[in-house]
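# Inside the fold
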Amino acid sequence: MEHIAIIGNGISGITAARHIRKLSNKKITVISSETDYFFSRTALMYVYMGHMKFKHTQPYENWFWDKNDIALKKGFVKQIDASQKTLIFSDGEQLTFDKLIIATGSKPNKFGWPGQDLKGVVSLYHKQDLDAIETHDCFSITEYMAIEHFGITKPGEAWKAIEEGIIEKSGALPINPSGGLIGLGHPVGATGIRMVLDGAKQTTDNAEDMQINGAKTIATYNVGGSGTTNVSFIVSTK
Ligand SMILES: Cc1cc2nc3c(=O)[nH]c(=O)nc-3n(C[C@H](O)[C@H](O)[C@H](O)COP(=O)(O)OP(=O)(O)OC[C@H]3O[C@@H](n4cnc5c(N)ncnc54)[C@H](O)[C@@H]3O)c2cc1C
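Residues numbered from 1 in each chain as written. Predicted model: local features only at pLDDT ≥ 70, side-chain atom pairs only at ≥ 80, totals over all residues.

## A short note on the environment of His 186
- Mapped onto the fold, His 186 is located in the loop between α6 (180–184) and α7 (189–203).
- Judged by local crowding, His 186 falls into the partly exposed class, with 13 C-beta atoms found within 10 Å.
- Along the backbone, His 186 and Asp 137 are 49 residues apart, and their C-alpha atoms lie at a distance of 9.7 Å.
- Ignoring anything within four residues of it in the chain, the contact list for His 186 reads Cys 138, Leu 181 and Thr 191. (Helix = DSSP H or I, 4+ residues; strand = E, 2+ residues; numbered from the N terminus. Buried ≥ 20, exposed ≤ 12 C-beta atoms within 10 Å, placed from the backbone. Contact = placed C-beta atoms within 7 Å.)

Right under this line is the structure:
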């Protein structure tokens, strides 16, 4: 049976897979390095803002793919050997195909802004683009205010981010996996340094019990002088 491999499980790859299935019984494999299942990229910003949970961005139930005999494979295609009709994954695994559809999406645009190519300057694009935030929670209200200022909830609705589990370690955007200032104490100036160090640990998989699985990008937000001095870093190994 002819095997059609599709690289990319975004709207293009998935639409192609669904139409091929409607028209034929060919073997179909959809490949993505980003997520197990298709999700609506356009809804990603609403997840970051806390208006939706990530699961709400998945228009198909997980059983849909088995039922329609569409195989899903998570992995990054490093090389295409067109003469052998073989895909080579970053872990060395190989997959042969008869026909190949490349639906790998686009890349964020840049316009020559100063600093745009500095290490750690990233775009909001993939699900993995922001994994967690370390924020200055010197008082409970400070973290509530920060949640709203990050845009995770509307003003006055920070409590929703807590009620809905958005900022939990397993949530859509964990805040203070370190335990924050209660967890670590608050040697004032040193707190900001500690946050950056936590970001470095998280993004190099060295954060032990506080590790967010697979974290590659962490934001920090430190406050001094009742909000007159604010410092933020993005720590990234992407
Ligand atoms: C925050 C945000 C908001 C947006 N809002 C809108 C909107 O309101 N309206 C609108 O029309 N458009 C919007 N867009 C644009 C829209 O999301 C994209 O045009 C669309 O997702 C492109 O779909 P695609 O299937 O071509 O690629 P993608 O959705 O980019 O999917 C490609 C997939 O291929 C995977 N991939 C790439 N290379 C490899 C490889 N070598 N191996 C394995 N997998 C690989 C990627 O990880 C990705 O999962 C928005 C985009 C963003 C980021």
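## Observations regarding the site of the ligand
- Within the structure, the ligand sits among 22 residues, and Gly 8, Gly 10, Ser 12, Glu 34 and Gly 105 are positioned closest to it.
- Secondary structure elements with two or more residues in the shell around the ligand: α1 (11–23), β2 (27–32) and α2 (44–48).
- Looking at the shell around the ligand element by element, the count peaks at three residues for α1.
- The residue inventory of the shell around the ligand, partitioned by class, reads 10 nonpolar, 10 polar and two charged. (Near = placed C-beta within 6 Å. Nonpolar A, V, L, I, M, F, W, Y, C, P; charged D, E, K, R; others polar.)

## Details of the sheet that holds strand β4 (residues 77–81)
- Across the sheet, three strands lie side by side as β4-β5-β6; this open sheet has antiparallel pairing. Where the open sheet ends on each side, the last strands, each with one partner, are β4 and β6 (94–96). Here the strands of the sheet are splayed against their neighbours by 20 degrees on average, with no regard to which way each runs.
- Direction of pairing for β4 relative to strand β5 (residues 86–89): antiparallel, over a ladder of four bridges. The residue bridging Val 77 from the neighbouring strand is Phe 89, located in β5. (Pairing = 2+ DSSP bridges. Axes fitted to C-alpha atoms, helices over the stretch in contact; angles between N-to-C directions.)

## Looking at the pairing of strand β1 (residues 3–7)
- Counting buried positions over the five residues of β1 gives four, a clear majority of the element.
- Judged from the five bridges that link them, β1 and β2 form a sheet pairing that is parallel. Bridging across to β2, Ile 6 finds its partner in Val 30.
- Examined bridge by bridge, β1 and strand β7 (residues 99–102) share four bridges and lie parallel to one another. The residue of β7 that forms the bridge with Ile 7 is Ile 102.

## Things to note about the nonpolar core
- Of all hydrophobic cores here, the largest spans 20 residues; its most connected members are Ile 133, Ile 147, Ile 152, Ala 161, Ile 166, Ile 167 and Leu 173.
- For this core, the elements supplying multiple residues, two or more each, are β8 (132–135), α4 (140–149), α5 (158–163) and β9 (217–224).
- Per element, the largest residue contribution to this core is three residues, and it comes from β9.
- In this structure Ile 133 touches Phe 150, Leu 173, Ile 175, Ala 219 and Tyr 221, once residues within four positions along its chain are discounted. (Core = buried A, V, L, I, M, F, W, Y, C linked by C-beta atoms within 7 Å.)

Keep in mind these values describe shape, not function.
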